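# Coordinate analysis (summary)
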Amino acid sequence: MKSKMSLWNAMMIYRDNVEQLESIKKQLYVAAMNNHNMEVDRLRPIIRTYEHDIEVFEQQIIEFDMIQSSSPKEGQQ
């Protein structure tokens, strides 16, 4: 059960990161449209960090799913 909770937690964090990234991208768009260069410069590394975190979570979820699908189910052996 712990592994399922870990996957659930990872998926919730992943979802939150995706939502935060979309929100920050909107802020970046508005800042760029208003020529707020300092705000654009501040947001770019934050976006890169979120994108990297999302990639890591995607890979972890894929790996976990592969492990789960290859391991025997409870009661089967």
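Going by the structure above, here's the rest.
Residues numbered from 1 in each chain as written. Predicted model: local features only at pLDDT ≥ 70, side-chain atom pairs only at ≥ 80, totals over all residues. Heavy atoms only, no water.

### Some remarks on the overall build of the chain
Counting secondary structure elements, the chain contains two helices and zero strands. Across the 77 residues that make up the chain, the buried fraction comes to 19%. Of all intrachain contacts in the chain linking residues separated by at least 6 positions in sequence, the fraction that spans at least 24 positions is 66%. Only carbon and sulfur atoms are counted for the fraction: they give 56% of the accessible area of the chain, which is about 6400 Å². (Helix = DSSP H or I, 4+ residues; strand = E, 2+ residues; numbered from the N terminus. Buried < 20%, exposed > 50% of the residue type's maximum accessible area, 1.4 Å probe, protein only. Contact = heavy atoms within 4.5 Å. Areas by Shrake-Rupley, 256 points an atom, 1.4 Å probe, with all protein chains shown as cover.)

### Focus on the pattern of salt bridges
Enumeration over the complete set of coordinates arrives at five salt bridges. A salt bridge links R15 to E19; the shortest N-O distance between them is 3.7 Å. Here the residue R15 and the residue E19 both occupy positions in helix α1 (residues 2-33), the gap between them amounting to four residues, near one helical turn. Judged by relative accessible area, which is 40%, R15 ranks as partly exposed. Between E51 and K25 there is a salt bridge whose closest N-O contact spans 3.8 Å. Separated by 26 residues along the polypeptide, E51 in helix α2 (residues 37-70) and K25 in helix α1 bring together distant segments of the chain. (Salt bridge = Lys/Arg side-chain N within 4 Å of Asp/Glu carboxyl O.)

### Details of unusual backbone geometry
Note: most residues except glycine have negative phi, and most peptide bonds are trans. In this model, N35 sits at a positive phi of 55°, which is unusual for a non-glycine residue. Tracing the chain through its elements places N35 in the loop between α1 and α2. With a relative accessible area of 61%, N35 lands in the exposed category.

### Notes on the nonpolar core
One finds L21, I24, L28, A31, V40, L43, I47, Y50 and I54 forming the largest nonpolar core, which totals nine residues. Broken down by secondary-structure element, the contributors of at least two residues to this core are α1 and α2. Sorting elements by how many residues they give to this core places α2 first, with five residues. With near-sequence residues (within four places) excluded, L21 lies in contact with I47, Y50, E51 and I54. In terms of nonpolar packing, the next biggest core, distinct from the first, is built from five residues, L7, A10, F57 and I61 among them. (Core = buried A, V, L, I, M, F, W, Y, C linked by side-chain atoms within 4.5 Å.)

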